[in-house]
There are 2 protein chains.
Amino acid sequence: MAEGAQSVSELPVKRPREEEANGGVTVEMDVNDGGVSELPDCISSVIPGWFSEISPMWPGEAHSLKVEKILFQGKSDYQNVIVFQSATYGKVLVLDGVIQLTERDECAYQEMISHLPLCSIPNPKKVLVIGGGDGGVLREVSRHASVEKIDICEIDKMVVDVSKEYFPSVAVGYDDPRVTLHIGDGVAFLKAVPEGTYDAVIVDSSDPIGPAQELFEKPFFESVAKALRPGGVVCTQAESIWLHMHIIEDIVANCRQIFKGSVNYAWTTVPTYPSGVIGFMLCSTEGPPVNFKNPINPIDADESHIKSKGPLKFYNAEIHSAAFCLPSFARKVIESKAN
Amino acid sequence: MAEGAQSVSELPVKRPREEEANGGVTVEMDVNDGGVSELPDCISSVIPGWFSEISPMWPGEAHSLKVEKILFQGKSDYQNVIVFQSATYGKVLVLDGVIQLTERDECAYQEMISHLPLCSIPNPKKVLVIGGGDGGVLREVSRHASVEKIDICEIDKMVVDVSKEYFPSVAVGYDDPRVTLHIGDGVAFLKAVPEGTYDAVIVDSSDPIGPAQELFEKPFFESVAKALRPGGVVCTQAESIWLHMHIIEDIVANCRQIFKGSVNYAWTTVPTYPSGVIGFMLCSTEGPPVNFKNPINPIDADESHIKSKGPLKFYNAEIHSAAFCLPSFARKVIESKAN
C-alpha cells in the first residue's frame, strides 16, 4: 500500500455530527425529469433528478439513484421520510437521507437478519423485533411455522403507515395474526419485558445517528440479554466492515461482556447500502449452546410460507454459513475481541 | 414484491451502446476544491469536485468519490486513463470512466482473483495473466513459491506505466524476476501459445465494452482451454450477480461447453465496483479433477512473501470456500447452466 493511502483497518470514519450532513457538497434542486415535480429539501440531491446519499458516516463517497417520481415526503416526530420510484431499483424508502430499502435488493437484508438467528435455534416460539417498521423482518420471521408470537416495537408510526401504503410486498408481514405492533421506544419496551421472555430478538435499526443511537449502546444490549431465555439469540444490524470497523469493534467488545453464549459477526451483500455490504452481530445468552455457523433449523425445507409471501430469494443454508467467513482484515479485529 | 418492482432476476441492464455513456445526466464542470484545477472532459463529473461513475452497464445508479486532486489524465490508443487522489479511498485508477482500482479496496479483488485459482491446484508453476496491467494480480501470483514463470499480456502500455508511477504498492508485482511483460492483444497472444502450456490463466479484464469485449466471448475461452494443461485452471472477472445475471448466464453456458473439468462461479465484495460485488468464473480442463470449493494449496501458511509485498489483507481459506456460496436467486440461474 502506497504512502498516504488508507489501510482498510485505518478508518476514515468521522464521528457523527462532526460534519454537516451534506458534506459541503453543492445541493442542486433543478429537475430534468417530467415525472418529478419538485425534489423535497430533505433529499440531498446533488445530481439533478437523482437522489444522492451523503453522510458523515461514509465521508467522501455517495451512491445515487435516478428518481422517476417522488411518491411521498413527510416529517414525523423522529425523522424525514421519503418514498420515491427509482429508475432501476423499484420503490425506495429513505429515512433522514439514508436509503433503508429498495424493492430490488431488500430481500438480502430482510432474509439474512431474520433467518441467521431463527435458523440457528430449534423451534423458536417467541420473537421480538425492535425497529423494522417496514414489516420486512416480520414477513421473514412469519415464514417459521414454529413461531407462536411476534412482537414488534417501532418508534415511528409514519414508517409503518408509509410501508403499508407503498411497499405492500414488504409490509405483508403485518398481515400475520401472530404479529402485535407496539408503537414506542424500543429501549423502554425492552426494560418492561419480563426476564427470559423471548427465544429471539432481532434489532432492525437505522445507523447510530438519530433515533437509533441508543440501540448501539451497552445498556440496550443488557436489556436484550435479560429479555432472552437461556440460550436465546439476538441479531442486530451491525454496519459495514469496510466503513465502520471502529463501531463494530466496540459492539463486539460490549457483546462479549454481556452475552455469555456465542458472539459472532456475519455479513452480506446489499448493493444500495454504503460500501455494498451490511453486517450482523449474532449473540446467544448462557444456556443451551448455539453454533450460529451451522444452521440446525432449516427454513429452506418448509415451503408452506411461499404461497402468501413468495419464495425466499436470497437466503439458503450455504450462504448462512458463508456469512460468518470474514476477510482477514476484519477477522483480525473481531477475533481479538470475540471468542 | 410489488407490481412494477424489478425482480433481481429480471435484469434492467441495457445492451452496451444503446445509451450515451453519460446516461443523459447533466455534466457539471464547476469545481469547488482548491486541489482540483480542472476536471478533464473524460470524467463524468456530475457532482462538482466529485468523480461519478455512470455507465449503461448499470443504468439508474452512480457511485461518486470526492476528488482531492487529479494526478494524471491521458488518452491511450485504447482508452481514457485517469488517476486521482480521492478524499477517503486513496488513489484511484479510472479507465474509460470506470473505476478499476482504489488503494483502499483493491486487496479484495486482486487477492481473490489470484488465490481462488492458485490455491485450488497443487504446485502451480506456469501462470498467464491476461489484462491486469496495474500489476496487482502479479503481486498476488508471485506470493506462491511454487510458481516458476509468470507471463502477462496487457494491451495498453499506458496502464502499466501509470500504475508503476502512481500505484507502486500495486505495480510491485512487476519487480518479481519470474514476470515477463508482453504488450499486446490477449486474444492473439493466446492463439500463439503452444497447447497445454499453463497451469493457470487469470483474466483480469475490464467490462465487456471497449478493449475487453472479446475476452467475454466463446472463441477466447476456447483459446484459454487449449493453452491450459490437463486439469489446469482459469479464473476470469465475471461481473455482478446483482447487475449482470444475463451476462453471467451466457458466460456459464459457454464455459460449460468448453471446460470439461469443473465450472464454478464465485463472488466477493469490492465497495467501489458497481453494486459492491464482483464475480469470478472458475473452470478447469479435463484431467486431474479440481474442487475449487476446497483449497488444497494454502497461501496462508507460506509467509515468505510478506516481507516484500506486505501481508494478505483479504484472502484466507475460509473466505475462499465461502465465495462459492451464492444467494438463491443467483444459484438458481447458475446451477441450471453449470454442474
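Rules and cut-offs
- Residues numbered from 1 in each chain as written.
- Chains lettered and ligands numbered in written order.
- Predicted model: local features only at pLDDT ≥ 70, side-chain atom pairs only at ≥ 80, totals over all residues.
- Heavy atoms only, no water.
- Salt bridge = Lys/Arg side-chain N within 4 Å of Asp/Glu carboxyl O.
- Helix = DSSP H or I, 4+ residues; strand = E, 2+ residues; numbered from the N terminus.
- Buried < 20%, exposed > 50% of the residue type's maximum accessible area, 1.4 Å probe, protein only.
- Axes fitted to C-alpha atoms, helices over the stretch in contact; angles between N-to-C directions.
- Left-handed = near helix turned anticlockwise from the far one by under 90°.
- Contact = heavy atoms within 4.5 Å.
- Nonpolar A, V, L, I, M, F, W, Y, C, P; charged D, E, K, R; others polar.
- UniProt positions renumbered as here; feature names shortened; annotations may be inferred.
- Phe/Tyr/Trp six-rings, centres within 6.5 Å; stacked < 30°, edge-to-face > 60°.
- Lys NZ or Arg CZ within 6 Å of the ring centre and 35° of its normal.
- Pairing = 2+ DSSP bridges.
- Parallel < 35°, antiparallel > 145°, perpendicular 65-115°, else oblique.
- Polar contact = N/O pair within 3.5 Å; in protein donor to acceptor, adjacent residues only side chain to side chain.

**Q** Even after reading the chapter, I still don't get the pattern of salt bridges, so can you show me in this structure?
**A** Opposite charge on two side chains allows them to pair when their charged atoms are near. Residues and elements named next belong to chain A. Inspection of every chain in the model, using the stated rule, returns 16 salt bridges over all chains. Glu-103 serves as the salt-bridge partner of Lys-91, at 3.8 Å between the closest nitrogen and oxygen. With Lys-91 in strand β4 (residues 91–95) and Glu-103 in the loop between β5 (98–102) and α1 (106–118), this pair connects stretches of sequence that are twelve residues apart. The class for Lys-91 is buried, based on a relative accessible area of 11%. Take Glu-103: its relative accessible area is 4%, and that puts it in the buried class. Connected through shared salt-bridge partners, Glu-106, Arg-139, Glu-140 and Arg-143 make up one network.

**Q** How do you make sense of the packing of helix α7 (residues 245–258) of chain B against helix α10 (residues 328–335) of chain B when you look at a structure like this?
**A** Between two packed helices, what matters for the description is the angle formed by their axes and the separation of those axes. All names here are of chain B. Where α7 contacts α10, the two axes come as close as 9 Å, and the packing angle between them is 35 degrees. Crossing of α7 over α10 shows right-handed handedness. Across the interface between the two elements, Met-245, Ile-248, Glu-249 and Val-252 from α7 touch Ala-330, Val-333 and Ile-334 from α10. Residues of the contact of α7 with α10, tallied by class, amount to six nonpolar, no polar and one charged.

**Q** How should I be thinking about the environment of B:Phe189 in this particular structure?
**A** Inspection of the secondary structure puts B:Phe189 in helix α5 (residues 186–191). It is 10 Å that separates the C-alpha atoms of B:Phe189 and B:Val224, two residues lying 35 residues apart in sequence.

**Q** Quick question: what am I supposed to make of the UniProt feature "active site" (unreviewed entry) in chain A here?
**A** Residues and elements named next belong to chain A. Summarizing the sequence annotation, UniProt attributes the feature "active site" (unreviewed entry) to Asp-204 in the numbering used throughout. Tracing the backbone shows Asp-204 in strand β9 (residues 198–204). Asp-204 gets classed as buried once you look at its relative accessible area, which sits at 9%. Excluding its chain neighbours within four sequence positions, the residues that come into contact with Asp-204 are Tyr-109, Gln-110, Ile-113, Ile-130, Gly-131, Gly-132, Asp-134 and Val-137.

**Q** Could you clarify how one ought to interpret the packing of aromatic side chains in this entry?
**A** The geometry of an aromatic ring pair comes down to the distance between the two centres and the angle between the two planes. Inspection of the entire model under this criterion finds 17 aromatic pairs over all chains. Their ring planes at 40 degrees and their centres at 5.5 Å tell us that B:Phe51 and B:Phe84 sit as a pair that is tilted. Placement of B:Phe51 in strand β1 (residues 50–53) and of B:Phe84 in strand β3 (residues 80–86) is noted, with a sequence separation of 33 residues between them. Take B:Phe84: its relative accessible area is 0%, and that puts it in the buried class. Across the ring face of A:Tyr174, the terminal group of A:Lys164 is positioned such that the distance to the ring centre comes to 4.7 Å. Across from the ring centre of B:Tyr89, 4.3 Å away, lies the NZ or CZ of B:Arg104, which sits over that ring.

**Q** Mind showing me how you'd approach the sheet that holds strand β11 (residues 263–269) of chain B here?
**A** Residue and element names in this part refer to chain B. Sheet architecture is open: seven strands sit in the order β8-β7-β6-β9-β10-β12-β11, paired in mixed fashion. Sheet topology places β8 (179–183) and β11 at the edges, where each strand pairs with a single neighbour. Along the sheet, successive strands turn relative to each other by an average axial angle of 15 degrees, direction set aside. Summarising the sheet, strand β10 (residues 228–237) and strand β12 (residues 277–284) pair through five bridges and their orientation is antiparallel.

**Q** What is the right way to read helix α6 (residues 218–227) of chain A from this model?
**A** Along an α-helix, a turn takes 3.6 residues, which lines up residues three or four apart on a common side. Restricting attention to buried positions, one finds in α6(A) the residues A:Phe220, A:Phe221, A:Ser223, A:Val224, A:Ala225 and A:Ala227. As for α6(A), its buried residues are in contact with β6 (126–131), α5 (186–191), β9, β10 (228–237) and α7 (245–258) of chain A.

**Q** So what exactly am I meant to see when it comes to the pairing of strand β2 (residues 61–75) of chain A here?
**A** Inspection of the sheet shows strand β1 (residues 50–53) of chain A paired to β2(A) by four bridges, in the antiparallel sense. Along β2(A), the bridge assignment pairs A:Ser52 with A:Ser64. Where β2(A) meets strand β2 (residues 61–75) of chain B, five bridges bridge the pair, whose relative direction is antiparallel. Paired with A:Leu65 across the bridge in β2(B) is B:Glu61. Looking at chain direction, β2(A) and strand β3 (residues 80–86) of chain A are connected through seven bridges and run antiparallel. Within β3(A), the residue paired with A:Ile70 across the bridge is A:Phe84.

**Q** Looking at this structure, how should I read the sheet that holds β6(A)?
**A** To summarise the sheet geometry, strands pair through backbone hydrogen bonds and adopt either a parallel or an antiparallel arrangement. All names here are of chain A. Taken together, the seven strands give an open sheet; going across it, the order is β8-β7-β6-β9-β10-β12-β11, and neighbouring strands pair in mixed fashion. In this open sheet, the two strands that pair with only one neighbour each are β8 (179–183) and β11 (263–269). Strand-to-strand twist of the sheet, defined as the mean angle between neighbouring strand axes without regard to direction, takes the value 15 degrees. Docked against the sheet, α6 engages β6, β9 and β10, running at close to 140 degrees with respect to β10.

**Q** Can you help me understand the packing of helix α6 (residues 218–227) of chain B against α7(B) in this one?
**A** All names here are of chain B. Put simply, α6 and α7 touch, their axes get as near as 10 Å, and they point 40 degrees apart. One finds that α6 runs oblique with respect to α7. The handedness of the crossing between α6 and α7 is right-handed. Contact residues: Lys-218, Phe-221, Glu-222 and Ala-225 in α6; Ile-251, Asn-254, Cys-255, Gln-257 and Ile-258 in α7. Here the residues of the contact of α6 with α7 sort into five nonpolar, two polar and two charged.

**Q** Just checking my understanding: could you explain the environment of B:Asp134 for this structure?
**A** Residue and element names in this part refer to chain B. As for its placement among the helices and strands, Asp-134 is situated in the loop between β6 (126–131) and α2 (136–141). A residue is classified by how much of its surface remains accessible, and Asp-134, at 8% relative accessible area, is buried. Sequence separation between Asp-134 and Val-234 is 100 residues, and the spatial gap between their C-alpha atoms is 19 Å. Setting aside anything within four residues of it in sequence, one finds Asp-134 in contact with Leu-93, Leu-101, Gln-110, Val-159, Ser-163, Val-170, Ala-171, Tyr-174 and Asp-204. Looking at Asp-134, its side chain comes within polar contact range of the main-chain nitrogen of Gly-136, at 2.8 Å.

**Q** Where do I start with the UniProt feature "domain: PABS" (unreviewed entry) in chain A in this structure?
**A** Mapped onto this numbering, the UniProt entry gives "domain: PABS" (unreviewed entry) at residues 48–285 of chain A. Segment residues 48–285 of chain A splits into 26% helix and 36% strand. End C-alpha atoms: 50 Å apart.

**Q** Looking at this structure, I do not really get unusual backbone geometry. What am I missing?
**A** With the exception of glycine, the majority of residues adopt a negative phi angle, and the majority of peptide bonds are in the trans configuration. Phi is positive for A:Ser275, which is not a glycine, with a value near 70 degrees. Note that A:Ser275 resides in the loop between β11 and β12 (277–284).

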